[in-house]
Amino acid sequence: DIGFDARMINNKVDITFDYFKRKTEDLLLIAQVSGVLGVGAPGSSPPTVNAGVVENKGFEFRIAYNDRLSENFSFNISYNLTALQNEVLFVDNDNGFIPGGAFGIGQDPPARMEAGKPIGYFYGLQTDGIFQNQAEVDAHATQPNAAPGDIRYVDIDGNGVIDSNDRTDIGNPIPDATMGLNIGFNYKNFDFTSYAFASIGNDIVRNYERNQNRVNRRIGFLDRWTGLGSTNEFPRVTTAANSNNLFSDFYVEDGSFLRIQNVQLGYTLPDSFVESIGVDKLRFYFSVNNLYTFTEYSGYDPSASSGAPIGGGIDQGFYPVPRTYLAGVNLKF
């Protein structure tokens, strides 16, 4: 780690910068073992072993400015940025990878820890649009139960058959950068603070979709395939046997977002008044948490994740974060 701190302009400007590179060895992981050994029995679990080496490198930056422009007005603003690059260097496992997470349709875990990749990257099929007619189905690599209106997958290994060997890297749950912005000011007896947070460059898995009768669908399915040329993005809606539920980049979206996390406005009564009622300070305030989230993610919450190193970034259908309004009083004797 190397960095510097600086203050200038009569301590009005504060700058901090750090570059870091850290290698974590003997990472604790849960080993894969056969189910016949009884690891799924009540009170049992697979062993935890030292089985990985991970490297994190990047930088952290913060700049803050505060000033008093007059006797009645002062303000402060600060911005921070963290950029991170994660790479798995070694996995001590016979398969060369450790799986994690769970895809709701009941298939193999969609996340992996594998050398040369970021930890927990998404591993699945790559899509290539929607079959528009039977001729396209016939000309494509063999894909079980494929019909016009179904998702078309890329034959990665070129053997003419769509199977598990065609899975590849289709997303990374780790953001390229995270950042925050704090703004505050005081004007006479009024005070105002706000905080915003952003996550940029991370992917997220829609893991709450189900292929069942009479269940809600996300709004995108209003544009589902209904015939030749109707769409090349959303498959037909059917409960017939098909491969549309295989884990693929169809279920992976850009999870980047900017959230206005908190906004608060307060007013402190004048000293002359509070002294007359026998208190030192009386402040009223009103705040809003989770005011608004700017994102292109089609789910409820782009920050929905278990936080697991392998299996993070998978939206299991968490209850959405509510917007809350709060009014309060600070009383000091």
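These figures come from a predicted structure and were not determined experimentally.

What counts, and at which threshold
- Residues numbered from 1 in each chain as written.
- Predicted model: local features only at pLDDT ≥ 70, side-chain atom pairs only at ≥ 80, totals over all residues.
- Heavy atoms only, no water.
- Helix = DSSP H or I, 4+ residues; strand = E, 2+ residues; numbered from the N terminus.
- Buried < 20%, exposed > 50% of the residue type's maximum accessible area, 1.4 Å probe, protein only.
- Contact = heavy atoms within 4.5 Å.
- Areas by Shrake-Rupley, 256 points an atom, 1.4 Å probe, with all protein chains shown as cover.
- Lys, Arg positive; Asp, Glu negative; His and termini not counted.
- Charge placed at Lys NZ, Arg CZ, Asp CG, Glu CD.
- Patch = residues over 30% accessible without salt bridge, like charges linked within 9 Å, V, L, I, M, F, W, Y side chains within 5 Å.
- Salt bridge = Lys/Arg side-chain N within 4 Å of Asp/Glu carboxyl O.
- Pairing = 2+ DSSP bridges.
- Axes fitted to C-alpha atoms, helices over the stretch in contact; angles between N-to-C directions.
- Core = buried A, V, L, I, M, F, W, Y, C linked by side-chain atoms within 4.5 Å.

Across its full length, the protein chain holds 2 helices and 20 strands. Considering only C-alpha atoms, the protein chain reaches an extent of 85 × 50 × 45 Å along its principal axes. Classification of the 333 residues of the protein chain by burial places 37% in the buried group. Of all intrachain contacts in the protein chain linking residues separated by at least 6 positions in sequence, the fraction that spans at least 24 positions is 65%. Carbon and sulfur atoms make up 53% of the accessible area of the protein chain, which amounts to about 18900 Å² in all. Charge-centre separation for the protein chain: the mean point of 25 positive side chains lies 7 Å from the mean point of 39 negative side chains.

Looking now at a nonpolar patch on the surface. Nonpolar side chains collect at one region of the surface, where Phe-284, Val-329, Leu-331 and Phe-333 lie side by side and expose about 440 Å² of accessible area between them. One can find Val-329 in strand β20 (residues 324–332).

This next bit is on the pairing of strand β14 (residues 190–200). Relative to β14, strand β13 (residues 177–187) runs antiparallel, the two being bridged by 11 bridges. Note that in β14 the partner of Gly-184 across the bridge is Thr-193. Adjacent in sequence and paired antiparallel, β13 and β14 are bridged by 2 residues, among which Lys-188 carries a positive phi angle near 55°.

Next up on the list: the environment of Gly-311. Inspection of the secondary structure puts Gly-311 in the loop between β18 (281–295) and β19 (314–315). Its relative accessible area of 7% is what places Gly-311 among the buried residues. Considering only alpha carbons, one finds Gly-311 and Val-88, 223 residues apart in sequence, at a separation of 15 Å.

As a further point, take unusual backbone geometry. Phi is positive for Asn-11, close to 65°, though the residue is something other than glycine. With respect to the element layout, Asn-11 can be found in the loop between β1 (2–8) and β2 (13–24). Phi at Lys-188 is positive, roughly 55°, even though this residue is not glycine. Within the secondary structure, Lys-188 is located in the loop between β13 and β14. Taking relative accessible area as the criterion, Lys-188 reaches 53% and is therefore assigned exposed.

Backbone-to-backbone hydrogen bonds join strands into a sheet, with any given pair of strands oriented parallel or antiparallel. Strands sit in the order β7-β8-β9-β12 across an open sheet of 4 strands; the sheet is antiparallel. For this open sheet the edge positions go to β7 (97–100) and β12 (168–171), each flanked by a neighbour on one side alone. Direction aside, the axes of adjacent strands within the sheet are offset by 50° on average.

This brings us to the nonpolar core. Residues Phe-122, Val-205, Phe-247, Phe-250, Tyr-251 and Val-252 are the most contacted members of the largest nonpolar core, which totals 18 residues. Ignoring sequence-local partners within four residues, the contact set of Val-252 consists of Phe-122, Ile-170, Asp-203, Ile-204, Val-205 and Phe-247. In terms of nonpolar packing, the next biggest core, distinct from the first, is built from 11 residues, Leu-29, Val-54, Val-88 and Ile-119 among them.

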